[in-house]
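Architecture at a glance
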Amino acid sequence: MTVARSKFATSAAALVAVGLTLTACGSKAGDTSDRDASASASASCVDTAGDSIKVGSLNSLSGTMAISEVTVRDSIALAVEQINADGGVLGKQIRIVAEDGASEPTVFAEKAEKLISSDCVAAVFGGWTSSSRKAMLPVFEDRNSLLYYPVQYEGLESSSNIFYTGATTNQQIVPALDYLKEQGVKSLYLVGSDYVFPQTANRIIRAYADANGIEIKGEDYTPLGSTDFSTIVNKVRTADADAVFNTLNGDSNVAFFREYTNAGITAADMPVVSVSIAEEEVVGIGAQNIEGQLTAWNYYQTVDSPENTSFVEEYKAKYGDAKPTSDPMEAAYTSVFLWKNTVEKAGSFDVAAIQEAADGVSFEAPEGTVTIDGDNHHITKTARIGEIRGDGLIYTIWESDGPVDPDPYLETYDWAASLSGN
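Residues numbered from 1 in each chain as written. Predicted model: local features only at pLDDT ≥ 70, side-chain atom pairs only at ≥ 80, totals over all residues. Heavy atoms only, no water.

1. Looking at the overall build of the chain
The secondary structure content of the chain amounts to 13 helices and 14 strands. Split into buried and exposed, the 422 residues of the chain put 60% on the buried side. Across the chain, contacts joining residues at least 24 apart in sequence account for 70% of those joining residues at least 6 apart. As displayed, the chain has an accessible area near 14700 Å², and 47% of this comes from carbon and sulfur atoms. (Helix = DSSP H or I, 4+ residues; strand = E, 2+ residues; numbered from the N terminus. Buried < 20%, exposed > 50% of the residue type's maximum accessible area, 1.4 Å probe, protein only. Contact = heavy atoms within 4.5 Å. Areas by Shrake-Rupley, 256 points an atom, 1.4 Å probe, with all protein chains shown as cover.)

Here it is as C-alpha cells:
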C-alpha cells in the first residue's frame, strides 16, 4: 500500500465542531506557519536545564473507560522505567506526571492544558476515545505541544501535534472487512457506542459494503457506558446477518456479550468481529461469553517474537501474572520509545525539531517493527485478525504480509473517495 497524503489540521474551532460530527483534516505537514504562530502565541515552559525531563500520562483511571485505560497507564510507566534504567533520554531521567481523564472529553482537554501549561511536560501520552482525542487536539495545537495517541481510530485525520501509534482504518477495519469477505460474509449488522469513532467507522464500513456486495441489515448505537442490550441483541438475532461488526467501547462490551450469550447466539451462529476488545476486556466479559469471537488488532499477547516475550515477561513481573497485555497498551508502550528515539535523532526536546526528525524513526516493538511516517504522523503496523479462546487469550488466525503503510484518508481505495469530504 502507498503512503497517504499529509493533511494536518489547523483550525481548533473547526476541530471541536468536527469532533461532534465525523471527520477532521487540514493543512500539510510541511507548512510551518501555523506551528510558528502557535509557538509565538504560547512559548514552551519545558525545563531542559536539569537532569530530568517531565512527560504527561493522561488516561481514564475512573469512569466507563477505566476498564481499558488503566493498563495503558501501566504500560507507559513500564516503558519509562525501562528507558530510565538504560540511561534515560539525552542523559535525562524521565519523570511522569499522571492525570485522570475520567472518561470525559472535557476533562481530557482540561488536564491536557494543565500538563502543558502548569506541569510543563515535554510530551503527553494518552487518550482513548476519539472524542477525548478531538477534545485535546486544539489544546495541543494552540500550545504547540505533542500528544502520542495509542489507540486504533477511525482515520480521516492528521495533525502535526499528534503522533498516532494505534492503527488507522486501513490497518484494522479494512483488513477485518477483507477477511470477512474472504470467509463468505454477505451481510453485516453494525453495533456501536454513540460517539465519533463508531459513527465514522460505520460510514466507512457502509462504503466498503456498497462496493463489495455486502448487505447492512441493521445499525444501532448506544451511549458509552450503556448496560442494557436486550433490545439491540434481539434486533441482531432477528436480522439474521452473517456477522456482526462491533464498535462498542468500554464497559458496554461486557453487557453486550453477556446478553449475546444469554440470547443463545454463538460465534458459530453469528460471529462478532470487534475492534475495541482486547485481553483485559475479555477478562471482564468472561471467556465463556466470548469464546470463538473475532477481533481485529495489530498486537496480541500471543504474538511470537523475542521482543514480545520480553515485553510480556517484564509487564507481568511488574504488575502480576494475572495481568494480560493488549494492543492499546502495547501501542502506548511503543509510543514512549518512539518519542525517545525521535528526541535522540533530533538531539532536542523541542517540538519543531522532533517534528522535523520524525520521518523514518523506527522501533522493534512487541507487535513487530514500526516506523513513523513523517508526512502524516501515523506508523506502519502489521494487521492481525484474532480469535478469542477459552483461556481468555487471543490468537492470530490471519495477518498481513509485513507492516502496512498508514493511509488515514483511504486514498488508495476507490470506494472511499467520498469519505474525506474533499
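2. So, the pattern of salt bridges
In total, this model carries 15 salt bridges according to the counting rule given. With its nearest N and O atoms 2.8 Å apart, the salt bridge here joins Arg133 to Glu157. Remark: Glu157 occurs in the loop between β4 (147-149) and β5 (162-164) and Arg133 occurs in helix α5 (residues 130-142); sequence separation between them is 24 residues. Of the residues examined, Arg133 reaches a relative accessible area of 0% and is grouped as buried. The closest approach of N and O atoms between Glu344 and Lys340, which form a salt bridge, is 3.0 Å. In this pair, Glu344 and Lys340 both sit in helix α12 (residues 327-346), four residues apart, roughly one turn of the helix. Of the residues examined, Glu344 reaches a relative accessible area of 34% and is grouped as partly exposed. Three or more residues are tied together by salt bridges with common partners; here these are Glu99, Lys111, Lys114 and Asp119. (Salt bridge = Lys/Arg side-chain N within 4 Å of Asp/Glu carboxyl O.)

3. Observations regarding the sheet that holds strand β1 (residues 52-59)
Taken together, five strands build an open sheet; the order of strands is β2-β1-β3-β4-β5 and the sheet is parallel. Lying at the two open borders of the sheet, with one neighbouring strand each, are β2 (93-100) and β5. This sheet shows a mean twist of 25° between the axes of neighbouring strands, independent of strand direction. The sheet contact formed by β4 and β5 spans three bridges and is parallel. From the neighbouring strand, Leu147 faces β5, where its bridge partner is Ile162. Here helix α3 (residues 66-85) sits on the sheet in contact with β1, β2 and β3 (124-126), set at roughly 170° to β2. (Pairing = 2+ DSSP bridges. Axes fitted to C-alpha atoms, helices over the stretch in contact; angles between N-to-C directions.)

4. Digging into the sheet that holds strand β14 (residues 394-399)
If you trace the seven strands from one edge of the open sheet to the other, you get β7-β6-β8-β9-β10-β13-β14, paired in mixed fashion. Strands at the two margins of the open sheet, each flanked by one partner only, are β7 (215-222) and β14. If you compare each strand with its neighbour and ignore which way they point, the axes differ by 25° on average. Pairing analysis gives seven bridges linking strand β6 (residues 187-193) to β7, with the strands arranged parallel. Within β7, the position partnered with Ser187 by the bridge is Glu215. Taken strand by strand, helix α6 (residues 173-182) contacts β6, β8 (243-247), β9 (272-274), β10 (294-297), β13 (384-388) and β14, and its axis lies near 170° from that of β8. Strand contacts of helix α8 (residues 230-239): β6, β7 and β8, with the helix running at about 170° to β6, the strand carrying the most contacts.

Note that all results are geometric; they support no functional claim without further evidence.
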